[in-house]
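# Structure assessment
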Amino acid sequence: MAKSLGRHLISELYDCDEEILNDVQQIEYLMKKAAIESGATIVTSTFHRFLPHGVSGAIIVSESHLAIHTWPEYNYASLDIYTCGDSVDPWKAFYYLKDALNSKRQESQEFKRGVFSTIGIPENSSHKVEVS
């Protein structure tokens, strides 16, 4: 597997709990919990509830970010989970949110970001992402 600076999950969550998807405070809480579950270090967050429905928000973590956009009227949420370094597992955040939103069906893709060979870092490099 190619070494990279980061891992980026793009996920679709279907058949989720409509009430949770429309509750901005609950969504922010669950996203923070997902960040912690993944091993990330939370820096800040911002969330907004749209009228008549829907929530968008992001958690900025030292290792990058977690973002969500919800469409309660379709029982659907999209997730964007990007982590850098080896200490954080974006899949742990995904599985936590899948369960917390009661998603019955999901699709996810993982992309490597900053692939060492593509940006000129030797594969045997011991590059570490510093968390501050």
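What counts as what
- Residues numbered from 1 in each chain as written.
- Predicted model: local features only at pLDDT ≥ 70, side-chain atom pairs only at ≥ 80, totals over all residues.
- Heavy atoms only, no water.
- Core = buried A, V, L, I, M, F, W, Y, C linked by side-chain atoms within 4.5 Å.
- Buried < 20%, exposed > 50% of the residue type's maximum accessible area, 1.4 Å probe, protein only.
- Helix = DSSP H or I, 4+ residues; strand = E, 2+ residues; numbered from the N terminus.
- Contact = heavy atoms within 4.5 Å.
- UniProt positions renumbered as here; feature names shortened; annotations may be inferred.
- Pairing = 2+ DSSP bridges.
- Axes fitted to C-alpha atoms, helices over the stretch in contact; angles between N-to-C directions.
- Left-handed = near helix turned anticlockwise from the far one by under 90°.
- Nonpolar A, V, L, I, M, F, W, Y, C, P; charged D, E, K, R; others polar.

Within the largest apolar cluster, 26 residues are counted, with the highest numbers of intra-cluster contacts made by Ile-27, Met-31, Leu-66, Ile-68, Leu-79 and Leu-101. Contributing elements (two or more residues each) for this core: strand E1 (4–14), helix H1 (18–21), helix H2 (24–38), strand E3 (55–61), strand E4 (64–71), strand E5 (76–84) and helix H3 (90–100). When neighbours within four sequence positions are excluded, Leu-79 is seen to be in contact with Leu-9, Ile-10, Ser-11, Leu-13, Met-31, Ala-67, Ile-68, Phe-94 and Leu-97.

Another aspect to go through is the UniProt feature "modified residue: Pyruvic acid (Ser)" (unreviewed entry) in the chain. Per the UniProt entry, the sites bearing "modified residue: Pyruvic acid (Ser)" (unreviewed entry) are Ser-64 in this numbering. Within the secondary structure layout, Ser-64 lies in strand E4. A residue is classified by how much of its surface remains accessible, and Ser-64, at 19% relative accessible area, is buried. Setting aside residues no more than four positions away along its own chain, Ser-64 makes contact with Ile-59, Tyr-82, Thr-83 and Cys-84.

Reading across from one edge, E2-E3-E4-E5-E1-E6 is the order of the six strands in this open sheet, with antiparallel pairing throughout. Lying at the two open borders of the sheet, with one neighbouring strand each, are strand E2 (42–49) and strand E6 (105–115). The sheet shows a mean angle of 10 degrees between the axes of neighbouring strands, taken without regard to direction. Across 10 bridges, the pairing between E1 and E6 is antiparallel. When the sheet's bridge partners are listed, Ser-11 is paired in E6 with Ser-108. Sitting on the sheet, H2 touches E2, E3, E4 and E5, and the angle it makes with E2 is about 155 degrees.

With that settled, consider the environment of Ser-38. For Ser-38, the position within the fold is in helix H2. The exposure class assigned to Ser-38 is buried, which follows from its relative accessible area of 4%. With near-sequence residues (within four places) excluded, Ser-38 lies in contact with Ser-87, Val-88, Asp-89, Lys-92 and Ala-93.

Further remarks concern unusual backbone geometry. Each neighbour pair has its own omega, and for Leu-51 with Pro-52 the value is 15 degrees, a cis peptide bond. Along the chain, Pro-52 turns up in the loop between E2 and E3. For Ser-64, which is not a glycine, the phi torsion comes out positive at approximately 145 degrees. With phi around 55 degrees, Asn-102 is a residue other than glycine that occupies positive phi space. Summarising the element assignment, Asn-102 is placed in the loop between H3 and E6. The exposure class assigned to Asn-102 is partly exposed, which follows from its relative accessible area of 38%.

This paragraph deals with the packing of H2 against H3. Two numbers describe how H2 lies on H3: the axes approach to 7 Å, and their chain directions differ by 145 degrees. Here H2 and H3 pass one another in a crossing that is right-handed. Judged by residue contacts, Leu-30, Met-31, Lys-33, Ala-34, Glu-37 and Ser-38 of H2 engage Lys-92, Ala-93, Tyr-96, Leu-97 and Ala-100 from H3. Residues belonging to the contact of H2 with H3 are distributed by class as follows: seven nonpolar, one polar and three charged.

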